[in-house]
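# Coordinates in review
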Amino acid sequence: MLKPEIRYWVLWLFLLGVLVIVFLQVISSYNINRLIQGNKTLLNEINTQNDLRRIESEMLTVESEIRGLIITSDTSRLSSTQNRLQAIKAELITTGRTFNAETPSDDKLGQLKNLLNQKLSFSLQILNTYLESGKAAAEGVIHSNRGILLRDSILHLTNEITDSKMLHLSGIIASNEETAERARVWSIFITGVALLAVVLAFWYILNQGRQQQKMIGMLNMMDKRNREVAVTKENFLANMSHEIRTPMNSMLGFTNLLKRTELNSEQRAYLQNIHSSGENLLALVNDILDLSKIEAGMMTLEEVRFSLFGLMTSVKAMFHLKTKEKGLQLDIIMDEALPDILQGDAVRLTQILVNLLSNAVKFTERGSIELSAKLIRKNEADVLLEISVADTGIGIAQDKQKNIFERFQQAEAETTRRFGGSGLGLSIVKQLVDMHGGSIRVESEIDKGTSFFVTLTYKLPDTEELYNQALEADKKETIVQRIKVLVAEDNAMNQQLIGHLLDSWAMEYTIVATGIEAVEELKHNTFSIVLMDIQMPDMDGYTATSIIRNTLKIEVPIIAMTAHAMTGEKEKCLQLGMNDYVAKPIVETVLYNIIARHAEEQNSGLQHISLNYLHQLSGHNAQFENELLSQFIVQVPAEIAELKKALAEKNFNGVARIAHSLKSTVGYVGLAQELHPLLNKIEADAGGASENDLSSIVDAVEKKCNAAVQEVKHALDQTEAA
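Residues numbered from 1 in each chain as written. Predicted model: local features only at pLDDT ≥ 70, side-chain atom pairs only at ≥ 80, totals over all residues. Heavy atoms only, no water.

## Regarding the sheet that holds strand S11 (residues 558-562)
Two orientations exist for strands paired in a sheet by backbone hydrogen bonds: parallel and antiparallel. Ordered by their spatial adjacency, five strands build an open sheet running S9-S8-S10-S11-S12, and the pairing between neighbours is parallel. Of all the strands in the sheet, the pair left with one neighbour each is strand S9 (508-512) and strand S12 (580-583). Neighbour-to-neighbour, the strand axes of this sheet turn through a mean angle of 20 degrees, independent of strand direction. Across five bridges, the pairing between strand S8 (residues 484-488) and S9 is parallel. Its bridge partner being in S9, Lys484 is matched across the sheet by Glu508. Across the face of the sheet, helix H13 (residues 492-504) comes into contact with S8, S9, strand S10 (529-533) and S11 while running at roughly 170 degrees to S9. Helix H15 (residues 541-550) contacts S10 and S11 of the sheet and is inclined by roughly 150 degrees relative to S10. (Pairing = 2+ DSSP bridges. Helix = DSSP H or I, 4+ residues; strand = E, 2+ residues; numbered from the N terminus. Axes fitted to C-alpha atoms, helices over the stretch in contact; angles between N-to-C directions. Contact = heavy atoms within 4.5 Å.)

As structure tokens, this is what we get:
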């Protein structure tokens, strides 16, 4: 591409060329007008001379006729001769006026006019004499020398005028030739300039096109390289995540187990340091992974009910030991007008508060930290609240505050050396707040402290439904001890940790080290749940799951266990037929709840669906539930067919709309957790991802929905039989 300065010069030259062409066109028009005027003048001169010669000839002819009339005494032509004399007189007057108008300074023209008038009067005199005095008198007039003198004078003067006009006409012709030559030269010049301009414009356009094609090629190459770099980056982060999380799983798991044993104070302090270091490393890995998910657009906000005070209390408990170690006071202040039960993404709010409190604890050496929530606005549908985290720490300089929300940025260069950290926490907080449609601001003074203010909007849930949920939760009673678990895990330390957890929960289990061994175990034995590691030697968890689902046709719940916590990992696991997903390092309460949920579904005789939400919604109204389930088995196949048709027709707006509608439909039978990630991906990628990628996800959704429809039909049949 041309540099900007060169482009400007080309533009100015183009404008100058346009002005030159306009100027040349004006000159050419002027020359053409001069040529036209000269031609008109030349034509007038020629016409005037012709008229004079014709009048002269007519006068001589009439004079001859008059003489013949007198000689022959033939008066039959007397009247016509008189008329011809009058016509010549009138024509002479008209021709004289025209000639005078063209050359008013010519004195010879006046003389010629007088002579012609005299000649005309002389001819009339002859004629009148003949009529009055007879032939002899008329012949006397004719033979006088006056007629001869007038004729000779007219001829002489006419020749002089003709010679003069010929010179004038020669000048006009020469001027016309000169003008025509000048017009021809300018025309050639204009044509040359125009051709040159066309050639230059064509060259410029061609050159710009080549440069543009070259730039497009470079951009395509850069885009390809960027995609390759992105894939390499994702693979690198996935591998590093796995390599870090695998030992972290063992380290944090065993430190938790070791805490339960009898330790002296020194040992407990050492153990606490190990555990804190592990959590810090895990927090750094999680921050990097969260940024990757946000950049890829794979992080979505959920809609769940939560207690704001309970959430803030839990977050405070997470920082109890850290604040106690530093001697800091951590207080919670909650506006009494603020509702406690809200609906939104509690996990992301927790992440926001944890990052802000982590900064407050890190940069506060003494004093206190205050976590507060204040009501800004409330209506029937939602509330606008402001959550603030204020500390008495080192503070942030005014000129540094605008940069603290950028990734890998900290207020001062020595902050990292003195306090540690990666500079990712506030960047993640800013992006999470933006995802909520909220805002964040900071107020700070050096050595006086820092306050962060986060403004967010949350929905208000139906209180009656919450009450029914609470009643239903009291009725739940899951006996997890009766299930049998198959664990596929290649890491010896992780095998030992999971075995210890399952023993503490009084569960029966079998541990294998590869995917091949897991497949062989399922061929010969029955298990309630499979805990499947993803990365194993010989056969990974993905391949093993595919064989279990497609070859063995076994529908046992498979829970993915992986240190790959990258963007899209959970969706990939669900797409391949797994039922749930837990990331390493494994949190024992999370794993227990997942196992308990699937055990509850198995105890109810349902493998693919769960009717807990439907029970809560209907208040155990059997008739209402049957009507809704009957609608489900009709609506789901229709929506799946419509979704596949829209995808085949490349109607991506329709694909996104139907996927969004399906989220509500499948939620009634407890498939939200399994299918919402896949449907969210379809909705988000519609029109952006390749058709093959979307087709594979749609096939996974269809497979799960078909199984759910069959199970709903079976449940309805049992209800009718009862």
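## Some remarks on H13
What sets the pattern is the α-helix's 3.6 residues per turn: residues three or four places apart point alike. For H13, spanning 13 residues, the distance from its first C-alpha to its last is 18 Å, which sits close to the expected 18 Å at 1.5 Å a residue. Residues of H13 that are buried: Asn494, Leu497, Ile498, Gly499, Leu501 and Leu502. You can read the cap of H13 off the contacts: a side-chain oxygen lies 3.0 Å from the backbone nitrogen of Asn494, and it is on Asn491. After H13 finishes, the residue Ala506 shows a positive phi value of roughly 60 degrees. (Expected span 1.5 Å × (residues − 1). Buried < 20%, exposed > 50% of the residue type's maximum accessible area, 1.4 Å probe, protein only. Polar contact = N/O pair within 3.5 Å; in protein donor to acceptor, adjacent residues only side chain to side chain.)

## Some details on helix H14 (residues 515-524)
Taken residue by residue, H14 has Gly515, Ala518, Val519 and Leu522 as its buried positions. Down the axis of H14, the smallest arc covering the buried residues is 100 degrees, so these residues share one side. In this fold, the buried residues of H14 make contact with S8, S9, S10 and H15. (Arc of directions from axis to C-beta.)

## So, the packing of helix H20 (residues 652-667) against helix H21 (residues 672-685)
Relative to each other, H20 and H21 sit at 170 degrees, their axes nearing to 9 Å. Between H20 and H21, the crossing angle belongs to the class labelled roughly antiparallel. Contacts from Val655, Ala656, Ala659, His660, Leu662, Lys663, Val666 and Gly667 in H20 reach Ala672, Leu675, His676, Leu679, Asn680, Ile682 and Glu683 in H21. (Parallel < 35°, antiparallel > 145°, perpendicular 65-115°, else oblique.)

## Points about the pattern of salt bridges
Considering all chains together, one arrives at 10 salt bridges under this definition. Here Glu445 and Lys448 are joined by a salt bridge, their closest N and O atoms 3.4 Å apart. Taking the relative accessible area as the measure of exposure, Lys448 reaches 61% and is therefore exposed. Put simply, Glu642 and Arg657 hold a salt bridge, and the shortest N to O gap is 3.4 Å. Here Glu642, found in helix H19 (residues 622-648), pairs with Arg657, found in helix H20; they are 15 residues apart in sequence, far enough to count as distant. Take Glu642: its relative accessible area is 38%, and that puts it in the partly exposed class. Residues joined in a network through salt bridges with shared partners are Lys374, Glu386, Arg441 and Glu443. (Salt bridge = Lys/Arg side-chain N within 4 Å of Asp/Glu carboxyl O.)

## A few points about the nonpolar core
Where a protein is soluble and globular, its nonpolar side chains tend to be buried together. Counting 40 residues, the largest nonpolar core has Leu308, Leu349 and Phe452 as its most contacted members. Where this core is concerned, the elements lending two or more residues are helix H7 (308-318), helix H9 (346-362), strand S4 (368-378), strand S5 (382-391), helix H11 (425-435), strand S6 (439-445) and strand S7 (449-459). A per-element tally of this core places H9 first, with nine residues. Those residues in contact with Leu308, other than ones at most four positions away along the chain, are Met334, Leu338, Asp340, Leu342, Leu349, Ala373 and Leu385. (Core = buried A, V, L, I, M, F, W, Y, C linked by side-chain atoms within 4.5 Å.)

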